[in-house]
Amino acid sequence: MEAARHNDPISLWAPRRQLTLAQARRRSERVKYLRYALVGAAAVSIGLFLGYIVRSAIGQESRPPPVDDSQAVTMVNPRFTGRDAAGQIFTITADTAKRRRTRDGAVDLTGPILRDSKGTEVQAPSGFYDRDLGILELYEDVRISDAAGYMFNSQGARVHVAEDRVEGLSPLEGQGPLGDIKADSYEILDGGDRIVFKGNVQTVIYPSNSGQPAGTREGDEDGTP
Amino acid sequence: QISSDGGPIYINSERTESLERERKVLLVGNVDIRQGTARLRADTVTIQFAPQQGETAAQPAQGVAGSFGQVESILAEGNVYYVTPELKAKGDRGNYELATDTIVMTGNVALMRDRDVAEGQRLVMEVTNRRTRLEGGGGRTRMVIDPEGKSQETP
């Protein structure tokens, strides 16, 4: 078989295609090992990939990176509207509102102003509004005025917007048709017709003719009733 | 007024309700009213204000300008004490009326003037004229006069 090949002229310059049996076996062995190696490498890389995913899912990295307060969402000129228990509309506006991360629905406000349908207006340099609880807290120089003519100041007030009730976090002090009043809390009821002051209420009433001697009425100078 | 001196009325209470339309103020809980040299204490007090001139019940004055105006009547109930430099009076109920400028106390009334004590059922005090009249109501009045005290001119 060997001699016939050498005498054939074509085979002299044609590439040598045939492998001997042993060479063919060695080649197959090599291919087999390469295949194993390839499969093994693929398995290792897939394992590494899955392992990384599992580890990061378990480990700390899965939570979003913490956002510090300076980067929290700040709304400019926000407006919140709602209805109180009696179905009356109230609006809360402010210069800015910054969402409080620790509690959903709670925002810190600068320059908040609350207005309700009865003409009550409550404003302060800073405050905090919790929509879920329906509470607006106001701090520093709080000013409260209402349609009945009462005007109050306080260093801190909590407005229960759903109940239309203002509760002083520090004594409320002010004036109104009745006179000068100081109280711990103050509540507007019956559409502003009834105003209830509670807690250490100190009132000073100025009867309209208090200047005149008591008992005298206009035109009746000699003092007899 | 509760004092012939007139002037602002200073009130302390646990709770105060201002009723705009009825022009009434309800004072509840340890009520302490001072005007001039007079002082009134009671469990509850209701102050009724007179309508302002040119204001009708249908069109009450509103806002700061619409101040409550003149006190028309003061009704005190429960442990009522009325104290002035001249006398001390106690009763279950006390009522002041601007029209008559008189305080009427009823119910277990006791009146003390210096060291003299008198008891009865109805005490009438004219605020401006400083005249006082004690009536026994159904029963009799009782009076204890301390001869040591200054001579008192009793009507």
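Definitions and limits used
- Residues numbered from 1 in each chain as written.
- Chains lettered and ligands numbered in written order.
- Predicted model: local features only at pLDDT ≥ 70, side-chain atom pairs only at ≥ 80, totals over all residues.
- Heavy atoms only, no water.
- Patch = residues over 30% accessible without salt bridge, like charges linked within 9 Å, V, L, I, M, F, W, Y side chains within 5 Å.
- Areas by Shrake-Rupley, 256 points an atom, 1.4 Å probe, with all protein chains shown as cover.
- Salt bridge = Lys/Arg side-chain N within 4 Å of Asp/Glu carboxyl O.
- Helix = DSSP H or I, 4+ residues; strand = E, 2+ residues; numbered from the N terminus.
- Phe/Tyr/Trp six-rings, centres within 6.5 Å; stacked < 30°, edge-to-face > 60°.
- Buried < 20%, exposed > 50% of the residue type's maximum accessible area, 1.4 Å probe, protein only.
- Lys NZ or Arg CZ within 6 Å of the ring centre and 35° of its normal.
- Contact = heavy atoms within 4.5 Å.
- pLDDT = per-residue confidence, 0-100.
- 1 Å grid on protein atoms, 1.4 Å probe; cavity = no way out; pocket = protein on both sides within 12 Å on 5 of 7 lines; lining within 4 Å.
- Points joined across faces, edges and corners; volume = space filled by probe spheres on them.
- Nonpolar A, V, L, I, M, F, W, Y, C, P; charged D, E, K, R; others polar.

A short note on a nonpolar patch on the surface
Phase 1 of the analysis: Judged by side-chain polarity, Ile46, Phe49, Leu50, Tyr52 and Ile53 of chain A come together as a nonpolar surface patch covering roughly 530 Å² of accessible area.
Phase 2 of the analysis: With respect to the element layout, Phe49 of chain A can be found in helix α3 (residues 21-58).

Some words on the packing of aromatic side chains
Given two aromatic rings, one states the distance between the centres and the angle between the planes to describe the pair.
All names here are of chain A.
Phase 1 of the analysis: On inspection of all chains with the given rule, the structure shows 6 aromatic pairs over all chains.
Phase 2 of the analysis: Aromatic pair Tyr150 and Phe197: ring centres 5.7 Å apart, planes at 65°, arrangement edge-to-face. Here Tyr150, found in the loop between β9 (135-145) and β10 (151-160), pairs with Phe197, found in strand β13 (residues 194-205); they are 47 residues apart in sequence, far enough to count as distant.
Phase 3 of the analysis: Exposure remark for Phe197: the relative accessible area of 0% places this residue in the buried category.
Phase 4 of the analysis: Over the ring of Tyr33 we find Lys32; its NZ or CZ atom is 5.8 Å from the centre of that ring.

A short note on the environment of Val122 of chain A
Residue and element names in this part refer to chain A.
Phase 1 of the analysis: Locating Val122 in the fold gives a position in strand β7 (residues 121-123).
Phase 2 of the analysis: Residues Val122 and Val166, 44 residues apart in the sequence, show an inter-C-alpha distance of 9.1 Å.
Phase 3 of the analysis: For Val122, the contacting residues outside a window of four places in its chain are Pro112, Ile113, Leu114, Leu138, Val142, Arg143, Ile144 and Val159.

Side note on the confidence of the model for chain B
All names here are of chain B.
Phase 1 of the analysis: Here chain B shows a mean pLDDT of 80. Residues at 70 or above account for 79%.
Phase 2 of the analysis: For chain B, strand β9 (residues 142-144) is the element with the lowest average pLDDT, namely 74, and strand β3 (residues 38-49) is the one with the highest, namely 94.
Phase 3 of the analysis: For residues 57-66, every residue scores under 50 in pLDDT, and the model assigns this stretch 15 contacts once sequence neighbours within four places are set aside.
Phase 4 of the analysis: Here residues 150-155 is a poorly scored stretch, pLDDT under 50, and it has 5 contacts once near neighbours within four places are set aside; other chains count.
Phase 5 of the analysis: Across the predicted assembly, pTM comes out at 0.63 and ipTM at 0.78.

Things to note about empty space enclosed by the protein
All names here are of chain A.
Phase 1 of the analysis: Under the defined criterion, the tally for this structure stands at 3 cavities of 30 Å³ or more.
Phase 2 of the analysis: Each pocket or cavity is described by its volume, and for the largest cavity that value is around 80 Å³.
Phase 3 of the analysis: Around the largest cavity, the lining is made up of 13 residues, and of these Leu114, Asp116, Val159, Val161 and Asp164 lie nearest the centre.
Phase 4 of the analysis: Secondary-structure elements contributing two or more residues to the lining of the largest cavity are β6 (113-116), β10 and β11 (165-176).
Phase 5 of the analysis: Across the lining of the largest cavity, the residue classes tally to 7 nonpolar, 2 polar and 4 charged.

Some details on the pattern of salt bridges
Phase 1 of the analysis: By the definition in use, this model includes 11 salt bridges over all chains.
Phase 2 of the analysis: Linking Arg194 of chain A and Glu17 of chain B is a salt bridge whose minimum nitrogen-to-oxygen distance equals 2.6 Å. Within this pair, whereas Arg194 of chain A is found in strand β13, its partner Glu17 of chain B is found in strand β1 (residues 9-19), the two belonging to separate chains.
Phase 3 of the analysis: With a relative accessible area of 10%, Glu17 of chain B lands in the buried category.
Phase 4 of the analysis: The partner of Lys24 of chain B in a salt bridge is Glu22 of chain B, with the nearest N and O atoms 3.7 Å apart.
Phase 5 of the analysis: What makes Glu22 of chain B partly exposed here is its relative accessible area of 43%.
Phase 6 of the analysis: Salt bridges linked by common partners bring Arg194 of chain A together with Arg15 and Glu17 of chain B together as one network.

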